Amino acid sequence: MIESADRDPLPREFFDRPVLEVAPDLLGRTLRRNTDDGPIELRLSEVEAYAGAIDPGSHAFRGPTARNGVMFGPPGHAYVYFTYGMWFCLNLVCGPEGHAGGVLLRAGQILVGAELTRKRRLSARHDRELAKGPARLATALDVDRSLNGTDVCAGPEAPLSVLRGTPVEDRQVSAGPRTGVGGDGAVHPWRFWIEGDPSVSPYRAHAPRRRRT
């Protein structure tokens, strides 16, 4: 059972740091989602860091747009984007305002509200697959663009929040290349996960799309 001290929301100062410090420190933390049907909580097991202007793999690499504007705002907010015409992905904004940085939440273990997530993830064969991958995580937690810009530091009654949880020790954290990132951004080992955790998603290298002729 999660101890009461671990129920404290992470303060904004936690997110107001370089993204490569925040990303591994999110592992083991508790992501809370308050839905109309009840709360869902999950223990984060896998994340990826994206470092804005110095990172070709980041949505913010070429500067602010209508889509990525939240990433340039204050830290501790949610950045939600739509991908492949069908999926949403959830990120947490990090670093000082004006310097875009974000952590993609890739996977986690459902702690509370599994019965709610099963209704949204009918294809999951086991509970460990309910939030195994960024699109599955967002689907399980009923995350869409309406949550873009949500302040995750506003407290546990907010639509989204990150509780202190139980951070993992450094020796439990593994790092490697980010999933599906190509080009110059592929060289960065900025995917972090809890070694041996069954909810971690499989790694997939970038596969260039073929041009139609």
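Reading guide: rules and limits
Residues numbered from 1 in each chain as written. Predicted model: local features only at pLDDT ≥ 70, side-chain atom pairs only at ≥ 80, totals over all residues. Heavy atoms only, no water. Helix = DSSP H or I, 4+ residues; strand = E, 2+ residues; numbered from the N terminus. Rg over C-alpha atoms; globule rule 2.2 N^0.38 Å. Salt bridge = Lys/Arg side-chain N within 4 Å of Asp/Glu carboxyl O. Buried < 20%, exposed > 50% of the residue type's maximum accessible area, 1.4 Å probe, protein only. Phe/Tyr/Trp six-rings, centres within 6.5 Å; stacked < 30°, edge-to-face > 60°. Lys NZ or Arg CZ within 6 Å of the ring centre and 35° of its normal. Patch = residues over 30% accessible without salt bridge, like charges linked within 9 Å, V, L, I, M, F, W, Y side chains within 5 Å. Areas by Shrake-Rupley, 256 points an atom, 1.4 Å probe, with all protein chains shown as cover.

1. Things to note about the overall build of the protein chain
Looking only at helices and strands, the protein chain features four helices and eight strands. Secondary structure elements of the protein chain, listed N to C terminal, follow the sequence α-α-β-β-β-β-β-α-α-β-β-β. Here the C-alpha atoms of the protein chain give a radius of gyration of 16 Å, agreeing with the 17 Å that 2.2 N^0.38 yields for 213 residues. For the protein chain, the spread of C-alpha atoms along the three principal axes comes to 50 × 40 × 35 Å.

2. Here we look at the pattern of salt bridges
A complete count under the given rule lists 16 salt bridges for this structure. Put simply, Asp142 and Arg33 hold a salt bridge, and the shortest N to O gap is 4.0 Å. Of this pair, Asp142 sits in the loop between α4 (134-140) and β6 (160-163) while Arg33 sits in strand β1 (residues 30-35), and the two are 109 residues apart along the sequence. Asp142 gets classed as partly exposed once you look at its relative accessible area, which sits at 35%. Overlapping salt bridges bring together Arg33, Asp37, Arg120 and Asp142 as one network.

3. Side note on the packing of aromatic side chains
One pass over the structure, following the stated rule, counts three aromatic pairs. For the pair Tyr79 and Tyr81, a centre-to-centre distance of 5.7 Å together with 40° between the ring planes defines the contact as tilted. For the pair Phe82 and Phe88, a centre-to-centre distance of 4.8 Å together with 40° between the ring planes defines the contact as tilted. When its relative accessible area of 24% is taken as the criterion, Phe88 is described as partly exposed. If you follow Arg17 out to its NZ or CZ, it ends over the ring of Phe14, 4.6 Å from the centre.

4. What about a nonpolar patch on the surface?
A grouping of Phe82, Tyr84, Met86 and Trp87 is seen on the molecular surface, where their side chains present a nonpolar patch of about 470 Å² in accessible area. Mapped onto the secondary structure, Phe82 falls in strand β3 (residues 78-83). Relative accessible area serves as the criterion here: at 39%, Phe82 is assigned to the partly exposed category.

The values are spatial; any link to function lies outside them.
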